[in-house]
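# Structural description and commentary
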Amino acid sequence: MTLSERMYLPAIAQGLGITLKHFFKKKATINYPEETRSRSEIWRGLHVLKRDENGAERCTACGLCAVACPAEAITMTAGERKKGEEHLYREEKYAVTYEVNMLRCIFCGLCEEACPKAAIFLQDDKLAPARYERDEFIYGKDRLVEPLKTTETK
């Protein structure tokens, strides 16, 4: 080996060349809150439990979405509608609790396809926000049911 090879000069020059080549490339990172990347047209985001045109929950707790979920991320408890709750739920049976574990969910959309009432929908404009605690990723009905549409008259 020559003196320059023993001092690793060709290897250092080659490493610096690679570093300089990557230094002038377009950056892969973006300033996330200010900039967002374009998403595919078939991209699926956060879940939402839809309401019908009268404001009642569509979900009838049939459990097909939970059965269709390959990650077993959906759990629910069914209950019977009581007197006076006709405006809240469409059918006599409804989901007392409905939870989606976002850490297990793979956002495949099979729950959306399995639902006969079109009650669950994966939004195409919302990401799961970052959290610090694991239990904050279990979304209950308080986070999943879409809010009532209020019509303000002036």
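Labelled according to an unreviewed UniProt entry, the protein chain appears under the name NADH-quinone oxidoreductase subunit I, originating from Pontibacter lucknowensis. Quoted verbatim from the Subcellular location (unreviewed entry) heading of the UniProt record, the comment on the protein chain is "Cell membrane". Under Catalytic activity (unreviewed entry), UniProt gives the following word-for-word description of the protein chain: "a quinone + NADH + 5 H(+)(in) = a quinol + NAD(+) + 4 H(+)(out)".

## Let's talk about the UniProt feature "binding site: [4Fe-4S] cluster 2" (unreviewed entry) in the protein chain
According to UniProt, the positions carrying the feature "binding site: [4Fe-4S] cluster 2" (unreviewed entry) are Cys-69, Cys-105, Cys-108 and Cys-111. In three dimensions, the annotated residues from a span of 43 residues occupy one location, with a maximal C-alpha spread of 10.4 Å. By the secondary structure assignment, Cys-69 is in the loop between helix H3 (64–68) and strand S2 (74–80). With a relative accessible area of 10%, Cys-69 lands in the buried category. Note that Cys-108 resides in the loop between strand S3 (93–101) and helix H4 (110–114). Excluding its chain neighbours within four sequence positions, the residues that come into contact with Cys-108 are Arg-44 and Pro-70.

## Let's talk about the environment of Cys-115
Tracing the backbone shows Cys-115 in the loop between H4 and strand S4 (120–122). Judged by relative accessible area, which is 17%, Cys-115 ranks as buried. With 31 residues separating them in the primary sequence, Cys-115 and Glu-146 have C-alpha atoms 16 Å apart.

## Description of the sheet that holds S2
With antiparallel pairing, 3 strands are arranged side by side in an open sheet as S2-S3-S5. If you trace the sheet from one side to the other, it starts and ends with S2 and strand S5 (138–139), each paired once. When S3 meets S5, the two strands line up antiparallel, connected through 2 bridges. Paired with Val-100 across the two strands is Tyr-139, which belongs to S5.

## Side note on a nonpolar patch on the surface
Side chains of Leu-3, Met-7, Tyr-8, Leu-9, Ile-12 and Leu-16 sit close together on the surface and give an oily, nonpolar patch of about 650 Å² of accessible area. A total of 3 residues in the nonpolar patch trace back to one element, the largest contributor, which is helix H2 (residues 9–23). You can see Tyr-8 is positioned in the loop between helix H1 (3–6) and H2. Overall, the relative accessible area of 56% leaves Tyr-8 in the exposed class.

Conventions adopted
Residues numbered from 1 in each chain as written. Predicted model: local features only at pLDDT ≥ 70, side-chain atom pairs only at ≥ 80, totals over all residues. Heavy atoms only, no water. UniProt positions renumbered as here; feature names shortened; annotations may be inferred. Helix = DSSP H or I, 4+ residues; strand = E, 2+ residues; numbered from the N terminus. Buried < 20%, exposed > 50% of the residue type's maximum accessible area, 1.4 Å probe, protein only. Contact = heavy atoms within 4.5 Å. Pairing = 2+ DSSP bridges. Patch = residues over 30% accessible without salt bridge, like charges linked within 9 Å, V, L, I, M, F, W, Y side chains within 5 Å. Areas by Shrake-Rupley, 256 points an atom, 1.4 Å probe, with all protein chains shown as cover. Salt bridge = Lys/Arg side-chain N within 4 Å of Asp/Glu carboxyl O.

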